[in-house]
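Architecture at a glance
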Amino acid sequence: MVVSSLLGKDIREHRLAALLLTAGTIAMTLLMLAWNRQAPYSMSPFEIVRFALLSFLPLIALITGNRLIVREYLSGTRQFVEALPMGRNLPLLLKYLTGLVYLAALAIMMVALAAQQAGVTDDVTRDYVLLIMLKTLVMTTLYWSVVFCFSLCGHLRIALYLVGAALVALVAWYPGIDPDRVPPFALMDDQLFVFERDLIPWQAMQGTLLMAGLFTLAGFLLSRIGEGSVVERLAKPMTRRDYVALGVLAASGLTVWSTLLEQKTRPPVEFSSEYVVRLQDPAVSVLYLEDAHQAAGQAMAERISESMTILQASLGLAALPDVKLVLDPEREPHEIDYATADGVFITANWLPHDSYDDAILDSVILHGVLSAQTSGRAMFEPYHWVLDGFTRWWVEQGTSELRPEHRHELLARALWVLDVEPAAHQLIDRWQLTADRFSYSGAESLAWSAMDFLEETRGRETVLALASEFLVTPVADNLVGAFQDRRIIARQRVESVLDMSLDAFYRQWQDWLAVQRTDASVQQLLATIPALQGRLVSRSTAEGVQELEAWYEPRESALELLEDIDSAQGECILKHDYIGPFDMEIEVSDDYEDVARCRTGDAVHVLNSLYSSGDRVYIALDYDGPVFHQPLRLHAERMSIP
Amino acid sequence: MISLIAKELRQLRPIAWLWLAVLVLGYSMQFFTERVDEQTFGSWCEGYCEYSSNAGVAVFLVLLALVTAYSLFPREHDEGTIDFLRALPVSRASVFIAKVLAAWLLLCVINLLSYGLDRALLASNPESIGGLFYDQVWFTLLWRDCLFMFIVLAHGILLSWFRTLGLVLYSLYLLGLMWAESALGSSGNWSIFALLSNQYEGSSLIVNGQGLLLHSGIALLVLLLAYRLWSRSESSAGGGKRSSRGMKLANGFFAFTGFLVLGLLMIYRIGVDTGTAQSDDLTVTATEHYRFVYSARREAVVQYIVEHAETDLEALGEILGVDTLPEIRVDLSASSEHAAGLAKWKKIQMDLDAFREDVSQRRVLSHETTHVLQATESDRALADNYSAAKFFIEGMAQYTSFAIVPELERRRSNWELASVSWQRQSIRFDDLIDADGFARQYDAELHYSLGDLWTRAMVHTCGLSSLGDFLRATGREDAVRDLPAAIFWRDTMRAIDCDLDTVNATWRQQMTELHDAVDMAKYPLFTDVIIQRDKQGSQIRISAKLESVSADADADADADADADAGAGAGAGAGAGAGADGDGDAAQVTTAVPERFIVRIGGISTQLSGGVDPVFRGQTQGEGDELRVEFLIPDYAVPGTRFRYQLGYTPSVDARYYYESWRRGTAPASTSQP
């Protein structure tokens, strides 16, 4: 009698909502089945059951809990029910069972509808449908138990749901946790839930039911603790103190999360091949692929190891990252892949290298080493010129005598860069623009010349002091790190190390460079550079074909460059690539290029239909001659196709 | 009115604190993990304001607006406080407007705060390129988000009248959108997510003006309806209207009838036909490890497949070193425009119309069975690294299936096509191990043949047993989860004692050899592309000239060095050097391909992942004037800018060869030449 009265009350109160919710669920299930039929990669109608369990069944459980339990507690009508002579557990038990039966009915209905759509191709046997239904009911029980328990927590339930969602996210996405070992996740496995029909996941189901049981028990205990005072307290709106507690909880969660992420450590990967030279302290490994390349690999490993050892002592570096080099004999000499995800990892072809090419490769390696030393901060524009200039300087003259032919080539390139763009002398403020316009090789030669100037005029110690200032101290990957690093601006830091104003340094360095120009070897190199500048235009033909044209014009220069363009022995190369709507640093690859003989007058390069109106493109025009080891960038432009 | 708005804002304070807390948490995460002065505008935009957009971000904005909307009226009515407001000497319309304006204001302020903070943080980057700020984009995003919030807020206010059932209605709307996207390819401007799609002209953001206008109008109508409903609703504390006995009876009758109708509907739907859908002419046959379902009309081919199934499975098991072969269910009655076969765990689905030859069907079964063995041997771990391993998952399946069911001509054709793409589009191993990035840049189908060749290089380097060993190594107990792609490969290859770089070197060498043997006459280039929208605006016309390419130019960019100025025609952005019209390199006579195709890039604002639509092309003219024309229905290109990929079949039975993706602009109005 009591039971039927209580059930009757709930049915009267919620029948319309239950009806609408049922209709909504049916409509949603049918829509999902229609979607499943159309979806290109669907393989079974039962996939919608899993989708529903992950998406809207928790929502329906939430709605049911809200109507059956939360409203009764928050509006105070619960007290009337508790005043009835039937004990405290029975009404709650009836609520629990009512909700569970209702949700189970919806879940069974979904499975039944999916089974109806399934055909003989799905081999819909009684056992298979029962297995899917069993898994579905177990998950439904867990959802309802969680909602039941949290619904009895009054306004704190929102916080609990948030914490619950965070826990689910943690298990699902935290790299250190395997969700397959956590019961509900294992039960809902993407492949097994629908497609495993022979093995019954007893362990996952038992674990899930155990969790459901614990939540249910917690709900019943909660309703009894403190003779209702807890429930009464929980039924009240959240106070400021609750909000603070919630904030602290969230902050703690965040800290734990960050800490866990920090601890995601793993030994660095190693080469497993037998064709590897391994040196320790500092750790340098070179994969040389074939016996024939062993000597070159050994020499490379020893050279890098020695250079790094002296560098470590000179700059007082506590530790150095692992360096791994892979030989790829099919690459061009300057085609270097560079990654820092796991130490410094370089792929290159050093077999055809001369000493200048070796210096380029060694600079790249040390660039990675010192960049890792500062957690990447050395790449920040105000300091990047120090990183580029110092690494090249160290490779060229840090441990041995500077070769004259290297010096001449680097000086010639630096002079040419400054001749084309006098503002490039602003090393701190325009480094990215200089590298963008003249490629990294152009920018590097400029920075190297600044270091060479400092060594010659101020001594080797000044160069090392400059490197110590910017390339030794790790900068934390957070706001505090950035703030501490920028307490003193880069300009002042440079001035402090050099003991002179930045303007004076720029002036003296340029004057020194002008003197270097008189060197006959440098002049000889400059005389091989064609006095050219590049021009670009994008246009649409009368037929509507989009074309991008590039041509060359003579350029006046005080450097006595090569004016007889026809006698230039190199090639003119157009390199191009899409860039997004927003500018970022880019090193255009050699993959997309058009090579032609250099000349002036008419169009030398025409890109037909590659880009269309509204695109943004990076275009570079290089001169690649037989004298310089790397191309000279005659022109570079980021353009929007009109 | 201002007092009313101020009162509403006071009432919305808890919600404001909540959103502020979310904001603070978000920024705290950023401050704890990033040096903010290194952030660029591009990295700030990532995942939200680059080309197209991510529906996931839009879902967050929808939640923000819906939660705010739900906090406006329901509680006020449930707790009866609305009666106090109605007792004030202001109209109900004023109260409604004040509530809507206050909620919108709050959302706009939160938005402004977030964008303002971002602007300040971005200003701290002093770099000459990385520190550039794009005012137009920032401001457009700000006002567009505010308008979007208003639209969803209006939806939420109406839905909140239905209380929690309103959320079910909204879920139905979202499911409807997903269905439309799957069935029709696009839900067009009906989707609110289309409002957040991004197109750029240079660095200027273009908004979906038509969609915003349409949805703003709808939002105003929705608000009007919501006003009618809310203004006529009595508060629960005020008692509302007491139901009469007749109303109670009607209510009860309605509920009873409703459940009855639903019950009958369910019985009708589920009924006795359960498990027999589309099974009129389906037949079942079984072997020791397979259960096949097929149409009786395909008896002959199925018999051939069944005849070889067990021996092929045993051979596969031997290659992969499988101890226990699983039981597999195969549906041979499927029909798909997108895949010849699909496999998930121990189920396989095949479309027997995908290939003409029986032997090809048999090979597809071997391919899909390999996927089943990959899943069981790796205990599903390979699928956990899907993006990094997709090319290998498909490549290994190709390798083993061709090894067991040799189709020499088909495989040779696939390899040839792969080697041309590899050379022209400069595809590297690092491209292969990023499945999404690969699909954005190249033809995703290349994963199969390039993967086949890479697997061949792996077998060549480390032996046949390395394939099965690799599978088991991915699922080993101590395998670290969620590794970056490059590290996953190094880590797993190290576990089986096979050197990745050596495999890659072998792969490159074999690819070069293959490419050198290709007859380039079969692989012309598309040039002189013209894109127009027809006068009725119902379709877009892409016309491209078909141009032969010299083998020398394709193989080596240096060949052009001796040539005079000419058209730097390339196969998309991935093309190598251009072929000159009057160059020294010998031209080859183009073999006109059999079929032409254009693929239109999907829109990432879609809720459900779909398949990029493709359209056939027709040749026009001949000789040097040979052009190919593609007609694309307007619905496939929602805006003016789109991505597309041109392709053709180099020989009768070959797969489609696609050039790299290009971007196109279809002008709003046509100027026919």
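Keep in mind the model is a prediction, meaning the values are calculated, not measured.

Cut-offs applied
Residues numbered from 1 in each chain as written. Chains lettered and ligands numbered in written order. Predicted model: local features only at pLDDT ≥ 70, side-chain atom pairs only at ≥ 80, totals over all residues. Heavy atoms only, no water. Helix = DSSP H or I, 4+ residues; strand = E, 2+ residues; numbered from the N terminus. Rg over C-alpha atoms; globule rule 2.2 N^0.38 Å. Buried < 20%, exposed > 50% of the residue type's maximum accessible area, 1.4 Å probe, protein only. Contact = heavy atoms within 4.5 Å. Areas by Shrake-Rupley, 256 points an atom, 1.4 Å probe, with all protein chains shown as cover. Lys, Arg positive; Asp, Glu negative; His and termini not counted. Charge placed at Lys NZ, Arg CZ, Asp CG, Glu CD. 1 Å grid on protein atoms, 1.4 Å probe; cavity = no way out; pocket = protein on both sides within 12 Å on 5 of 7 lines; lining within 4 Å. Points joined across faces, edges and corners; volume = space filled by probe spheres on them. Nonpolar A, V, L, I, M, F, W, Y, C, P; charged D, E, K, R; others polar. Buried area = accessible area lost by both parts, 1.4 Å probe. Salt bridge = Lys/Arg side-chain N within 4 Å of Asp/Glu carboxyl O. Polar contact = N/O pair within 3.5 Å; in protein donor to acceptor, adjacent residues only side chain to side chain. Disulfide = S-S within 2.5 Å. Pairing = 2+ DSSP bridges. Axes fitted to C-alpha atoms, helices over the stretch in contact; angles between N-to-C directions. pLDDT = per-residue confidence, 0-100. Parallel < 35°, antiparallel > 145°, perpendicular 65-115°, else oblique. Phe/Tyr/Trp six-rings, centres within 6.5 Å; stacked < 30°, edge-to-face > 60°. Lys NZ or Arg CZ within 6 Å of the ring centre and 35° of its normal.

1. Structural notes on the overall build of chain A
When you go through chain A residue by residue, the secondary structure sums to 22 helices and twelve strands. For chain A, whose C-alpha radius of gyration is 36 Å, the value lies well above the compact-globule estimate of 26 Å for 642 residues. When the backbone C-alpha atoms are referred to their principal axes, chain A occupies close to 115 × 60 × 50 Å. Out of the 642 residues belonging to chain A, those deemed buried represent 56%. Put simply, 69% of the contacts in chain A that link residues at least 6 apart link residues at least 24 apart. With an accessible surface of roughly 26,600 Å², chain A has 58% of that area assigned to carbon and sulfur atoms. Charge separation in chain A, taken as the distance between the mean sites of 50 positive and 82 negative side-chain charges, equals 16 Å.

2. Some remarks on empty space enclosed by the protein
In this approach the atoms are scanned with a rolling probe the size of a water molecule, which exposes any empty space left behind. With the rule as written, the count across this model stands at eleven cavities of 30 Å³ or more. One number sums up the size of the largest cavity: a volume of about 110 Å³. Around the largest cavity, the lining is made up of 13 residues, and of these Phe 195 and Arg 197 of chain A together with Arg 329, Lys 346 and Lys 347 of chain B lie nearest the centre. In terms of residue class, the lining of the largest cavity is made up of three nonpolar, two polar and eight charged. Approximately 90 Å³ is the volume found for the second largest cavity. Surrounding the second largest cavity, Phe 73, His 77, Ile 82, Arg 86, Arg 92, Val 95, Phe 96, Tyr 227, Trp 230 and Ser 231 of chain B form its lining. Among the secondary structure elements, those contributing two or more residues to the lining of the second largest cavity are α6 (82-87), α7 (92-123) and α10 (209-231) of chain B.

3. Concerning the interface of chain B and chain A
Facing the 137 residues of chain B at the interface are 135 residues of chain A. Carbon and sulfur atoms supply 59% of the area that chain B and chain A bury against each other, a total of about 11,400 Å² over both sides. Linking chain B with chain A are 16 salt bridges. Note that Arg 329 of chain B and Asp 123 of chain A form a salt bridge whose closest N and O atoms lie 2.8 Å from each other. Taken together, the links from chain B to chain A amount to 44 residue pairs in polar contact (both at pLDDT 80 or more). Of the residues assigned to the side of chain B that touches chain A, the class counts are 61 nonpolar, 41 polar and 35 charged.

4. Some thoughts on the state of the cysteines
Residue and element names in this part refer to chain A. Across all of its chains, the model carries two disulfides over all chains by this definition. Between the sulfur atoms of Cys 572 and its disulfide partner Cys 598 the distance amounts to 2.0 Å. With the S-S bond torsion at 110°, the cross-link from Cys 572 to Cys 598 turns out right-handed. In this pair, Cys 572 is assigned in strand β8 (residues 571-579) and Cys 598 in the loop between β9 (593-597) and β10 (605-608), connecting sequence segments 26 residues apart. A residue is classified by how much of its surface remains accessible, and Cys 572, at 0% relative accessible area, is buried. No disulfide involves Cys 153; its sulfur sits 5.2 Å from that of Cys 149, the nearest cysteine.

5. Re the sheet that holds strand β2 (residues 284-287) of chain A
Residues and elements named next belong to chain A. Taken in spatial order, the five strands make up an open sheet running β1-β2-β3-β5-β4, and their pairing is mixed. Edge strands, defined here as strands with exactly one partner in the open sheet, are β1 (276-279) and β4 (337-339). Neighbour-to-neighbour, the strand axes of this sheet turn through a mean angle of 10°, independent of strand direction. Helix α14 (residues 355-373) rests against β3 (323-327), β4 and β5 (344-348) of the sheet, and its axis sits at about 165° to β5.

6. Observations regarding the confidence of the model for chain B
Residues and elements named next belong to chain B. Of the residues in chain B, 83% reach a pLDDT of 70 or more, and the chain-wide mean stands at 82. Mean pLDDT across the elements of chain B ranges from a minimum in strand β10 (residues 566-567), with 35, to a maximum in helix α19 (residues 446-462), with 96. The low-confidence segment residues 272-277, where pLDDT is below 50, has 16 contacts with residues more than four positions distant or belonging to other chains. Across residues 669-673 the pLDDT falls below 50, and counting only partners more than four positions away or on other chains, this stretch makes eight contacts in the model. Interface confidence in the predicted complex, given as ipTM, is 0.78; pTM for the same model is 0.78.

7. Overview of the pairing of strand β3 (residues 282-286) of chain B
The pairing of β3 of chain B with strand β4 (residues 290-295) of chain B spans five bridges and is classified as antiparallel. Among the inter-strand pairings, Leu 282 of chain B is bridged to a residue of β4 of chain B, identified as Ser 295 of chain B.

8. Regarding the packing of helix α16 (residues 408-424) of chain B against helix α22 (residues 500-516) of chain B
Residue and element names in this part refer to chain B. Close contact between α16 and α22 brings their axes to 9 Å; oriented N to C, the two are set at 105°. Our classification of the angle between α16 and α22 gives roughly perpendicular. Counted together, Trp 415, Ala 418, Ser 419, Val 420, Trp 422 and Gln 423 of α16 and Trp 507, Arg 508, Met 511, Thr 512, Leu 514 and His 515 of α22 form the full contact between these two elements.

9. Considering the environment of Ala 219 of chain B
Residue and element names in this part refer to chain B. Residue position: Ala 219 is located in helix α10. Under the relative-accessibility criterion, Ala 219 is labelled buried at 0%. Along the chain, Ala 219 and Leu 158 lie 61 residues apart, while their C-alpha atoms are 9.8 Å from each other. Among all residues touching Ala 219, those that are not within four sequence positions of it are Phe 150, Ile 151 and Ala 154.

10. Quick look at the packing of aromatic side chains
Summed over all chains, the structure comprises 60 aromatic pairs over all chains. The interplanar angle of 70° and the centroid separation of 6.4 Å between the aromatic rings of Trp 422 of chain B and Trp 507 of chain B together place this pair among those described as edge-to-face. Separated by 85 residues along the polypeptide, Trp 422 of chain B in helix α16 and Trp 507 of chain B in helix α22 bring together distant segments of the chain. By relative accessible area, Trp 507 of chain B is classed as buried at 1%. Each member of the aromatic cluster is reached from another via a ring pair, and the members are Phe 582 of chain A together with Phe 41, Trp 44, Tyr 115, Phe 133, Tyr 134, Trp 138 and Tyr 200 of chain B. The positively charged end of Arg 392 of chain A is found above the aromatic ring belonging to Tyr 356 of chain A, 4.7 Å away from the centroid. One Lys or Arg, Lys 99 of chain B, reaches over the ring of Phe 73 of chain B and ends 5.5 Å from the middle of that ring.

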